[in-house]
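Chain by chain, the residues:
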Amino acid sequence: MADTEIHPTAIVDAAARLGAGVVVGPYCVIGAAVTIGDRCRLQNQVTISGPTEIGVDNEFFPYASIGQRTQDLKYDGEPTWLRIGDGNVFREFVTVNRATSANEATVIGNHGNFLAYTHIGHDCIVGDRVIFSNNSTLGGHVTVGDHVVLSGLVAIHQFCKIGAHAMVGGCSKIVQDVPPFFIADGNPAKVRAVNSVGMQRRGFSEGAVRTAKTALRKIYREKLKLCEAIESLNEMDDPDGVIEVITSFIGSSERGLS
C-alpha cells in the first residue's frame, strides 16, 4: 500500500489489497476480497465489493457500485468473481455485478469508457476499448467484443453477442446478435449499415471497409439463405481477415442475427 491515499471518511476492509499510488476519496467503501491495482483512483462515494480483482490505472467516479452480488434470483451465495482490466473509466452511478455460478466471473477488459448509469450484468464478458454511452444496459451473459460503441439508452437482452467494431444506435433494443463491423439500430434493432467510420478510426483499409459492405449486402440484402451467403463470402479474397471474423462470429451465434 505504498503511497496510497485513503481519506479519513473512507471505510476499507482490512482484508482488501490496494496497490501503490491508489487514491481512495471521501466516503468510499471497499470490502473484503477486493484487490485494486496500482494508481487506481476512487473519487468519492464509490463502493467496491468482492471477490473483485481490478487492474491498474482505473478511475471510478462518484456513486459507482462495483462488484456487488448478482441480481440473478438463482444466486445462492456461491463464491463468484468480477475481474476488471487496466485503464478503464467508470463514470457516475455505473453498476457492475459479479457472476452467478460458483467460481465464474464477470470480466471487463482494458481501456473501456463506461458513461453514467451504465449497467453490466452478471457473467458478462466485455472486451477492450469499448464505449458504453449513458444508460447502456447489459443483461446477464452478454458478450461484447473489442472497440464496440453502444449509444445512449441501449438495452441488450441476456445471452446476446455484439461483435468487435460494431456500433448500436441510441435507444435500441438488442434481442439477437450483432455481427462485427456492422451498425444496428431500432426496437427491436436491425443491422442498417457498416460501421465504416469506426473501421477507419481503427486503421482498417478502404479495401477492408468495402469487404465489410459486401458481406452486409450478401447476408442482409441479396435474399440469400444464410448458409448460401456464408458460402459465397468464403469464396472471396480476404486479405484483411474481415470475412473470417464475420463468418466465425455467425458460426458461434446462438440467438440468430439482428
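Figured I'd write up the structure that's included with this text. Given the structure is predicted, the values throughout are model-derived calculations rather than measurements. (Residues numbered from 1 in each chain as written. Predicted model: local features only at pLDDT ≥ 70, side-chain atom pairs only at ≥ 80, totals over all residues. Heavy atoms only, no water.)

When you go through the chain residue by residue, the secondary structure sums to four helices and 28 strands. In terms of C-alpha radius of gyration, the chain reaches 20 Å, essentially the compact-globule figure of 18 Å for 258 residues. Taking the principal axes of the C-alpha coordinates as reference, the chain spans close to 65 × 40 × 30 Å. Pairs at least 24 apart in sequence give 29% of the contacts found in the chain among residues at least 6 apart. In the chain, 23 side chains carry a positive charge and 28 a negative one; their mean positions are 8 Å apart. (Helix = DSSP H or I, 4+ residues; strand = E, 2+ residues; numbered from the N terminus. Rg over C-alpha atoms; globule rule 2.2 N^0.38 Å. Contact = heavy atoms within 4.5 Å. Lys, Arg positive; Asp, Glu negative; His and termini not counted. Charge placed at Lys NZ, Arg CZ, Asp CG, Glu CD.)

With that out of the way, let us pick up the side chain of Ser253. With respect to the element layout, Ser253 can be found in the segment after α4 (242-252). Look at Ser253 and you get buried, because its relative accessible area is 18%. A distance of 2.6 Å separates a polar atom in the side chain of Ser253 from a polar atom in the side chain of Asp177. (Buried < 20%, exposed > 50% of the residue type's maximum accessible area, 1.4 Å probe, protein only. Polar contact = N/O pair within 3.5 Å; in protein donor to acceptor, adjacent residues only side chain to side chain.)

Right, let's talk about the sheet that holds strand β24 (residues 161-162) for a bit. The parallel open sheet is built from eight strands, whose spatial order is β3-β6-β9-β12-β15-β18-β21-β24. Only two strands of the sheet have a single partner each, and these edge strands are β3 (17-18) and β24. Sheet topology note: the strand β18 (residues 125-126)/strand β21 (residues 143-144) ladder contains two bridges and is parallel. Bridge assignment links Val126 to a residue of β21, and that residue is Val144. (Pairing = 2+ DSSP bridges.)

Residues Tyr63, Phe93 and Tyr117 make up a contiguous nonpolar surface patch of about 310 Å² in total accessible area. Mapping Phe93 onto the fold places it in the loop between β13 (89-90) and β14 (95-97). (Patch = residues over 30% accessible without salt bridge, like charges linked within 9 Å, V, L, I, M, F, W, Y side chains within 5 Å. Areas by Shrake-Rupley, 256 points an atom, 1.4 Å probe, with all protein chains shown as cover. Salt bridge = Lys/Arg side-chain N within 4 Å of Asp/Glu carboxyl O.)

What follows is about helix α3 (residues 226-234). Residues of α3 that are buried: Ala229, Ile230, Ser232 and Leu233. For α3, the angular spread of the buried residues around the axis is 160 degrees, confining them to a single face. In α3, the exposed residues that point more than 90 degrees away from the buried face are Cys227 and Glu231. Where the residues of α3 are buried, they touch α2 (206-221) and α4. (Arc of directions from axis to C-beta.)

Below, the discussion takes up the layout of surface pockets. Within this model, the largest pocket holds a volume of roughly 220 Å³. Lining the largest pocket are 13 residues, and of these Ile131, His147, Val149, Gly198 and Arg202 sit closest to its centre. Element by element, the count of residues in the lining of the largest pocket is highest for helix α1 (residues 196-201), at four residues. Counted by class, the lining of the largest pocket contains six nonpolar, four polar and three charged residues. As a volume, the second largest pocket reaches approximately 180 Å³. Around the second largest pocket sit Thr143, Gly145, Lys161, Ile162, Gly163, Ala164, Pro180, Val245, Ser248, Phe249 and Ser252, which together line it. No other element matches α4, which puts four residues into the lining of the second largest pocket. (1 Å grid on protein atoms, 1.4 Å probe; cavity = no way out; pocket = protein on both sides within 12 Å on 5 of 7 lines; lining within 4 Å. Points joined across faces, edges and corners; volume = space filled by probe spheres on them. Nonpolar A, V, L, I, M, F, W, Y, C, P; charged D, E, K, R; others polar.)

The values are spatial; any link to function lies outside them.
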